[in-house]
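Results of the structural survey
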Amino acid sequence: MLNRIVTAAVLMVLLAAGGTSGARAQQPIGLEQQAANPSGWTFNIAPYLWMPSVHANLSLNLPPALGGTVSADPSIGFGDLVSHLNFAAMAAADARYDRFSLLTDFIYMNLGGTAAQFRSVNFPNHPSIPISAGVQDSQSLNLNATIWTAAGGYTLAQGDWGNFDAIAGFRFLELNTRINYSLHLTIMGPRGNGATFGGVGSVSGSGVIWNGIGGFRGRIRVGNDGLFIPYYFDIGAGGSNLTWQISSGLGYHVGPVDLSLTYRYLSFEQGSSSVVQRLWIQGPMLMANFTF
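Residues numbered from 1 in each chain as written. Predicted model: local features only at pLDDT ≥ 70, side-chain atom pairs only at ≥ 80, totals over all residues. Heavy atoms only, no water.

On a plain count of helices and strands, the chain comes out with two helices and 15 strands. Here the chain holds 292 residues, and the buried ones make up 49% of them. Contacts spanning at least 24 positions in sequence make up 67% of the contacts within the chain whose residues lie at least 6 apart. Looking at the chain as shown, the accessible area adds up to about 13000 Å², and 62% of this sits on carbon and sulfur atoms. (Helix = DSSP H or I, 4+ residues; strand = E, 2+ residues; numbered from the N terminus. Buried < 20%, exposed > 50% of the residue type's maximum accessible area, 1.4 Å probe, protein only. Contact = heavy atoms within 4.5 Å. Areas by Shrake-Rupley, 256 points an atom, 1.4 Å probe, with all protein chains shown as cover.)

Below is the structure:
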């Protein structure tokens with residue numbers, strides 16, 4: 001995994017470096033290089049539509065009388081996400097003064113009733129007990145997720161070709177999940193108190209994770225027709241063993257608006273004792289960036 005992350009970051013840097021020898025026309029006004037207003041500040045607001053698939057490895061607590069966990073690996077395609085979406089909000093914003101910048105990105109989604117399957121029941125100091133698909137009558141996943149990224153940036157290089165900014169900040173994840181289940185099995189708990197898992201019920205879990213991050217972002221101008229390549233990469237840790245994000249694609253500058261279509265990948269990786277052992281979200285993203 002780390003090798004893939006490093007390779008992706010190196011490719012991003014090489015792409016940025018290669019762009020410096022490209023076209024020398026005026027860089028279009030946009031998210032990374034704008035004409036300042038009289039105060040010296042420029043601001044951007046960028047609502048966007050991310051069309052991802054959501055994948056997770058979860059470890060949810062069983063009732064205290066049982067004293068174990070149940071593992072689930074939900075995988076939600078974009079079509080299922082849309083059909084079970086209760087509410088979502090996504091937006092980014094940016095403020096810049098000279099070479100200094102502040103940026104933020106916010107995602108909230110509320111899903112209800114998506115399909116999910118259990119993988120195993122896990123009791124401390126006992127082997128995991130697998131749960132086959134044949135005994136799982138129906139499981140429905142309810143999920144609320146908030147992801148907030150904020151960082152400061154400094155432009156290390158800029159010119160007619162585009163710009164390259166170093167960034168440092170934090171990323172916050174709050175995840176609340178519940179799985180309602182109906183199982184054709186009964187598993188006796190190990191404590192000898194008669195507690196069992198099975199039949200009809202629900203399990204839930206929640207996690208709050210703060211991570212420090214560092215990375216880079218920028219854009220490269222392509223030709224003289226308003227086209228550009230936006231790019232972004234960050235990596236960090238803290239509450240997570242590892243979190244990282246990467247995106248790139250193609251944009252077009254027209255008037256005070258930059259339109260872009262990119263592919264974005266965001267990952268959190270935790271330890272085996274965490275509710276959220278792993279979460280990764282990936283898919284195309286359409287953004288409209290307004291400068292003022």
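There is more to say after this.
Grouped together as the largest cluster of nonpolar side chains are 45 residues, with contacts concentrated most on V70, F118, F197 and V203. Per element, the largest residue contribution to this core is six residues, and it comes from strand β10 (residues 162-188). Once residues lying within four places of it in the same chain are set aside, the contact partners of V70 are L58, S59, L60, L62, F118, S120, V121, N122, I131, F197 and V203. (Core = buried A, V, L, I, M, F, W, Y, C linked by side-chain atoms within 4.5 Å.)

Within the secondary structure, T243 is located in strand β13 (residues 242-254). Engagement of the side chain of T243 in a polar contact is seen with the backbone oxygen of S267, the distance being 2.8 Å. Apart from the residues lying within four places of it in its own chain, the contact partners of T243 are R171, N211, I213, D234, I235, G236, A237, L266, S267 and F268. (Polar contact = N/O pair within 3.5 Å; in protein donor to acceptor, adjacent residues only side chain to side chain.)

Although it is not a glycine, D98 sits at a positive phi angle of roughly 55°. Position of D98 among the secondary structure elements: in the loop between β5 (85-97) and β6 (100-115). Under the relative-accessibility criterion, D98 is labelled exposed at 59%. Notably, N125 is not glycine yet its phi reads approximately 65°, a positive angle. The residue N125 is located in the loop between β7 (118-122) and β8 (129-130) in this model. Taking relative accessible area as the criterion, N125 reaches 81% and is therefore assigned exposed.

In this section: a nonpolar patch on the surface. On the surface, W41, F43, I45, Y97 and F292 cluster together to form a nonpolar patch covering roughly 490 Å² of accessible area. Residue contributions to the nonpolar patch peak at three residues, all from strand β1 (residues 41-50). Relative to the assigned elements, F43 resides in strand β1. (Patch = residues over 30% accessible without salt bridge, like charges linked within 9 Å, V, L, I, M, F, W, Y side chains within 5 Å. Salt bridge = Lys/Arg side-chain N within 4 Å of Asp/Glu carboxyl O.)

The next thing to look at is the pairing of strand β15 (residues 276-291). Relative to β15, β1 runs antiparallel, the two being bridged by five bridges. Bridging across to β15, Y48 finds its partner in M287. Across six bridges, strand β2 (residues 53-61) lies against β15 in antiparallel orientation. Within β15, the residue paired with H55 across the bridge is W280. Here 13 bridges tie strand β14 (residues 257-269) to β15, and the two strands are oriented antiparallel to one another. Of the residues in β15, the one forming a bridge with E269 is R278. With antiparallel pairing between neighbouring strands as the criterion, β14 and β15 make up a hairpin whose turn holds six residues. (Pairing = 2+ DSSP bridges.)

Let's shift gears to the pairing of β7. Counting buried positions along β7 yields four of five residues, so the element is predominantly enclosed. In this sheet, β7 lies alongside strand β3 (residues 69-72) in antiparallel orientation, the contact comprising four bridges. Directly across from A72, in β7, lies its bridge partner F118. Where β7 lies against β8, two bridges are found, and the strand directions are antiparallel. Bridged to V121 within β8 is I129.

Per-residue confidence for the chain gives a mean pLDDT of 88; residues scoring 70 or more make up 87%. A low-confidence stretch, residues 6-35 stays under pLDDT 50, and its non-local contacts, those more than four residues away or across chains, total 74 contacts. (pLDDT = per-residue confidence, 0-100.)

So, on to the environment of N86. As for its position among the elements, N86 is in strand β5. Residues N86 and N144 lie 58 residues apart in sequence; the distance between their C-alpha atoms is 9.8 Å. In this structure, N86 is in contact with N110, L111 and G112, ignoring residues within four places of it in sequence.

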